Amino acid sequence: KVTYQRAHLPEMRDLALVEEDMRGLAVSLRTAQQALAPVRDAYDTAQRDAQRLRQRAGELDATLSASTSHARELTALERELAHVRDALSSADDRELELLVELEPLEEAESAIRAQAKPVLERRAQLQEAIAELQATLDEELTALRFDRDAQATLLPDEVRRRYDYA
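Every chain is numbered on its own, with residues counted from 1 as its sequence reads. Where totals are concerned, whole chains, interfaces and linings use all residues; where local detail is concerned, this predicted model gives features only for residues with pLDDT of at least 70, and gives and counts side-chain atom pairs only at 80 or more. Hydrogens are left out, water is left out, and the side-chain values use all remaining heavy atoms of the structure.

Draft legend 1. Geometry of the overall build of the protein chain. Along the backbone of the protein chain there are 4 helices and 0 strands. Helical segments are the DSSP runs of H or I of at least four residues, strand segments are the runs of E of at least two, and each set is numbered from the N terminus. Along the chain direction, N to C, the helices and strands of the protein chain fall in the order α-α-α-α. The C-alpha radius of gyration of the protein chain comes to 36 Å, more than 25% above the 15 Å expected for a compact globule of 166 residues. For the protein chain, the spread of C-alpha atoms along the three principal axes comes to 120 × 25 × 25 Å. Taken over C-alpha atoms, the radius of gyration is set against a globule rule of 2.2 Å times the number of residues to the power 0.38.

Structure follows, in structure tokens:
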């Protein structure tokens, strides 16, 4: 009876339900992360591109400011600077588009993590409670076995053999 109790604690059913919820949350989290990863990568790439273009525009501005070159070279630098600024404007627009797309995905991931936190805490509580209850039942089983062995020595050998055989 005690062995049955040890194997069928109500907390074990609760733990199974909590772990089922955790599996569902893990699937949701993986789905959110899979949706988030390409957008995050594209956003990081857009940031790097925009930074590179900002650097190039700064270099061209500095070159134009310090330049004593011919009119043809200055015109070429101004055209290149205008082209870089156009590209930078497009890169900034793309970066903002990706940021707008990225924020709700990150919020969804954060929401799933926030939803999982109490479930994880409940799981830890249940595991601890189960371990304590099983330890208590193990002690009780040990005591019952000791008592049974003591009482078994009082029985006739034939009865004890039939009992052990059963």
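Draft legend 2. Structural view of the packing of helix H2 (residues 10-66) against helix H3 (residues 71-152). Lines are fitted to the C-alpha atoms to define the axes, a helix being fitted only along its stretch in contact, and any angle between axes, read from their N-to-C directions, falls within 0 to 180 degrees. For the pair H2 and H3, the least separation of the axes is 5 Å and the interaxial angle reads 160°. Between H2 and H3, the angle is such that the two are roughly antiparallel. In this structure, H2 crosses over H3, and the sense of that crossing is left-handed. The nonpolar class holds Ala, Val, Leu, Ile, Met, Phe, Trp, Tyr, Cys and Pro. Asp, Glu, Lys and Arg form the charged class, and all remaining residues, Gly among them, are polar. Considered class by class, the residues forming the contact of H2 with H3 number 36 nonpolar, 7 polar and 20 charged. In what follows, roughly perpendicular refers to angles from 65 to 115 degrees, roughly parallel to angles under 35, roughly antiparallel to angles over 145, and oblique to any angle outside these ranges. Handedness of each helix crossing follows the sense of rotation of the near helix against the far helix: counterclockwise by less than a right angle gives left-handed, clockwise gives right-handed.

Draft legend 3. How the structure looks around the environment of Gln51. With respect to the helices and strands, Gln51 occurs in helix H2. Residues Gln51 and Ala76 lie 25 residues apart in sequence; the distance between their C-alpha atoms is 22 Å.

Draft legend 4. Fine view of the pattern of salt bridges. Salt bridge, as applied in this entry: a Lys or Arg side-chain nitrogen positioned within 4 Å of an Asp or Glu carboxyl oxygen. Scanning all chains against the criterion turns up 12 salt bridges. Residue Glu19 pairs with Arg123 through a salt bridge whose shortest N-O separation is 3.5 Å. Taken as a pair, Glu19 in helix H2 and Arg123 in helix H3 lie far apart in primary sequence, 104 residues in all. Per-residue accessibility, obtained with a 1.4 Å probe over protein chains only, is compared with the maximum for each type, and a residue is labelled buried under 20%, exposed over 50%, and partly exposed between these values. Exposure remark for Glu19: the relative accessible area of 25% places this residue in the partly exposed category. Between Asp92 and Arg54 there is a salt bridge whose closest N-O contact spans 2.8 Å. Pair noted here: Asp92 is in helix H3 and Arg54 is in helix H2, with a separation of 38 residues, a long-range link.

Draft legend 5. Layout of the side chain of Gln134. Within the secondary structure, Gln134 sits in helix H3. A relative accessible area of 17% places Gln134 in the buried class.

Draft legend 6. Up close: the nonpolar core. Buried Ala, Val, Leu, Ile, Met, Phe, Trp, Tyr and Cys residues that are joined via side-chain atoms within 4.5 Å together make up what is termed a nonpolar core. Of all hydrophobic cores here, the largest spans 13 residues; its most connected members are Val18, Leu25, Ile112 and Val119. Listing elements by their share of this core, those giving two or more residues are H2 and H3. In this structure, Leu53, Leu60, Leu81 and Leu88 belong to the second largest nonpolar core, which totals 9 residues.

Draft legend 7. Quick look at the confidence of the model for the protein chain. pLDDT is a per-residue confidence score from the predictor, ranging from 0 to 100. On average, residues of the protein chain score 89 in pLDDT, and 99% of them reach the 70 mark or higher. Averaged pLDDT values for the elements of the protein chain fall to 72 in helix H1 (residues 2-7) and rise to 93 in H2.

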